[in-house]
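A look at the structure
Residue strings, one per chain:
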Amino acid sequence: MSVASLDPKVERLGLVLAPDGSPNEIEGVLNPACARTREGELLLYPRVVAAGNVSRVGRVRMSPNATRDGYALEPSAPYELRPSPGYGCEDPRVTFVPVLDAYLMAYTAYGPSGPRIAIALSHDGFTWERLGLVAFDVPGMTDGDDKDAAFFPEPVTSPDGVPCLAFYHRPMLHLSAVDGRAAIPMIERLPFADRESIRIAYVPLEAVLANRRALLNVRESALVLSPDAQWGSIKIGAGTPPVRTNDGWLSFFHAVDLIDNSGSKPKFRYSAGAVLHDIASPHRVLYRSPRPLLAPESEHERNGVVDNVVFPSGIDPRTDLGADVFDVYYGMADYSIGAARVTFV
């Protein structure tokens, strides 16, 4: 892989998982995390959506075929529950962190306060312990609606020079939640850096080694990737957890463009691209896709609960096929799951 010429080959592998018709999946099976067990088995952790937009985190064993294996998380904590429709455990990302000898799941807990980042921990990838909600309570930091968290697998250096564990996150603008055409001109008047963007949050490693619940205490947050005029001009968010390559931390993100704002409700397109970060200091971005690597094209990607969505969330390095080959798992139109094989040549 060369930073100067990142031009990957992208091969769609097709539909991986779709709702089975059961009540808990009636509104979709989408946006999966993935991880390898200590024995090398591939697991997917899809967001499974029941009627009323009630979300669970499923568990699917992928060998020899995709087999449902219950749930990793079901909404039960106070911060995952509320009486009104639309709550639960959404859009997980899973990372194995060797320095902790554990798997970390970052997910969106949608409860009484709205969407917040929550963390769970597992030693085997099957049974999960909730740690709680992340606190962004340092002066000057935004502590509100937030999504798209995914951990780096190794300690890194924060902008202030502190050894830390780090994760992506995307603080949300209430403007982007406005339903209707009025929100679009308001967003488009904002500078790109003020639109919904990818940030990296930092938790001091020393504190986490002493107490795993210190993972909830963010001490720094740095803006790393914002919308731009080339593509993804409305908002941008993290997708897969980063993986180490010879050139830097590689991950696949999602970005949103406006398709049509002539009706009562704007229409958007979610596409996927790649970003490469410096290994030691990931707030330094080395490369960003100048165009989408994966945009909605297939029937499953163009038509669903939300049309025209490719939402990358799981990454599986295929070292058995080559050093720079990755299977990317993604949500299709907020309803089903697809996969693509990305090969950097």
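As shown above, the structure is provided for reference.
Figured I'd write up the structure that's included with this text. (Residues numbered from 1 in each chain as written. Predicted model: local features only at pLDDT ≥ 70, side-chain atom pairs only at ≥ 80, totals over all residues. Heavy atoms only, no water.)

1. Let's talk about the pattern of salt bridges
Think of it this way: side chains of opposite charge can pair up when their charged atoms draw near. Scanning all chains against the criterion turns up 26 salt bridges. Note that E297 is salt-bridged to R12, the shortest N-O span being 3.4 Å. Placement of E297 in the loop between β19 (285-288) and α3 (299-302) and of R12 in strand β1 (residues 9-17) is noted, with a sequence separation of 285 residues between them. Notably, a salt bridge pairs R61 with D69, separated by 4.0 Å at the nearest N-O pair. Classification of R61 as partly exposed rests on a relative accessible area of 31%. Judged by its relative accessible area of 23%, D69 falls in the partly exposed class. Salt bridges here are not isolated pairs; linked through shared partners, they connect E41, R59, R61 and D69. (Salt bridge = Lys/Arg side-chain N within 4 Å of Asp/Glu carboxyl O. Helix = DSSP H or I, 4+ residues; strand = E, 2+ residues; numbered from the N terminus. Buried < 20%, exposed > 50% of the residue type's maximum accessible area, 1.4 Å probe, protein only.)

2. Section: the side chain of E220
Along the polypeptide, E220 turns up in strand β14 (residues 220-225). In this structure E220 is buried but unpaired, with R219 as the nearest side chain of opposite charge at 9.3 Å. Looking at E220, its side chain comes within polar contact range of the side chain of S158, at 2.6 Å. In contact with E220, other than residues within four places in its own chain, are M141, S158, P159, D160, V162, I200, A201 and Y202. (Lys, Arg positive; Asp, Glu negative; His and termini not counted. Polar contact = N/O pair within 3.5 Å; in protein donor to acceptor, adjacent residues only side chain to side chain. Contact = heavy atoms within 4.5 Å.)

3. Concerning the pairing of strand β5 (residues 67-73)
One ladder, built from four bridges, connects strand β4 (residues 54-61) with β5; its direction is antiparallel. Residue pairing across strands places R61 opposite T67, the latter belonging to β5. Counting the residues that bridge the hairpin from β4 to β5 gives five residues. (Pairing = 2+ DSSP bridges.)

4. Comments concerning the environment of R82
Along the chain, the position of R82 falls in the loop between β5 and β6 (87-97). Distance from R82 to G114, taken between C-alpha atoms, is 9.4 Å for residues 32 residues apart in sequence. Leave out the neighbours within four places in its chain, and R82 touches Y87, Y110, G111 and P112. In terms of polar contacts, R82 uses its side chain to reach the side chain of S84, at 3.3 Å. Among the polar contacts made by the side chain of R82, one reaches the main-chain carbonyl oxygen of G86 at a distance of 2.9 Å.

5. As for the sheet that holds strand β20 (residues 310-317)
Strands sit in the order β1-β22-β21-β20 across an open sheet of four strands; the sheet is antiparallel. Looking at which strands have only one partner, the edges of the open sheet turn out to be β1 and β20. When the angles between neighbouring strand axes are averaged without regard to direction, this sheet yields 25°. Relative to strand β21 (residues 325-332), β20 is paired through seven bridges, and the arrangement is antiparallel. Bridge assignment links D316 to a residue of β21, and that residue is D327. (Axes fitted to C-alpha atoms, helices over the stretch in contact; angles between N-to-C directions.)

6. Considering the nonpolar core
Soluble globular proteins tend to pack their nonpolar side chains together in the buried interior. The biggest cluster of nonpolar side chains holds 24 residues, and the ones touching the most others in it are L100, V134, F136, F167, L215 and V218. Broken down by secondary-structure element, the contributors of at least two residues to this core are β7 (102-111), β8 (114-122), β10 (146-151), β12 (163-171), β13 (198-204) and α2 (205-210). Once residues lying within four places of it in the same chain are set aside, the contact partners of V218 are V134, A135, F136, V138, M141, F167, A201, Y202 and V203. (Core = buried A, V, L, I, M, F, W, Y, C linked by side-chain atoms within 4.5 Å.)

7. Section: unusual backbone geometry
Residues S63 and P64 are joined by a peptide bond in cis, for which omega reads 0°. Tracing the chain through its elements places P64 in the loop between β4 and β5. Its identity is not glycine, yet D148 carries a phi of approximately 60°, on the positive side. Looking at the secondary structure, you find D148 in strand β10. The buried category is assigned to D148, whose relative accessible area is 2%.

8. What about the pairing of strand β3 (residues 42-50)?
In terms of burial, β3 is a largely internal element, nine of the nine residues being buried. Burial along β3 is two-sided: the face carrying L42, L44, P46, V48 and A50 and the face carrying L43, Y45, R47 and V49 are both buried. Bridging between strand β2 (residues 28-36) and β3 involves seven bridges; their strand directions are antiparallel. The residue bridging L30 from the neighbouring strand is R47, located in β3. Adjacent in sequence and paired antiparallel, β2 and β3 are bridged by five residues, among which G40 carries a positive phi angle near 95°. Bridge count between β3 and β4: six bridges; the pairing is antiparallel. Within the sheet, the bridge partner assigned to A50 lies in β4 and is V54.

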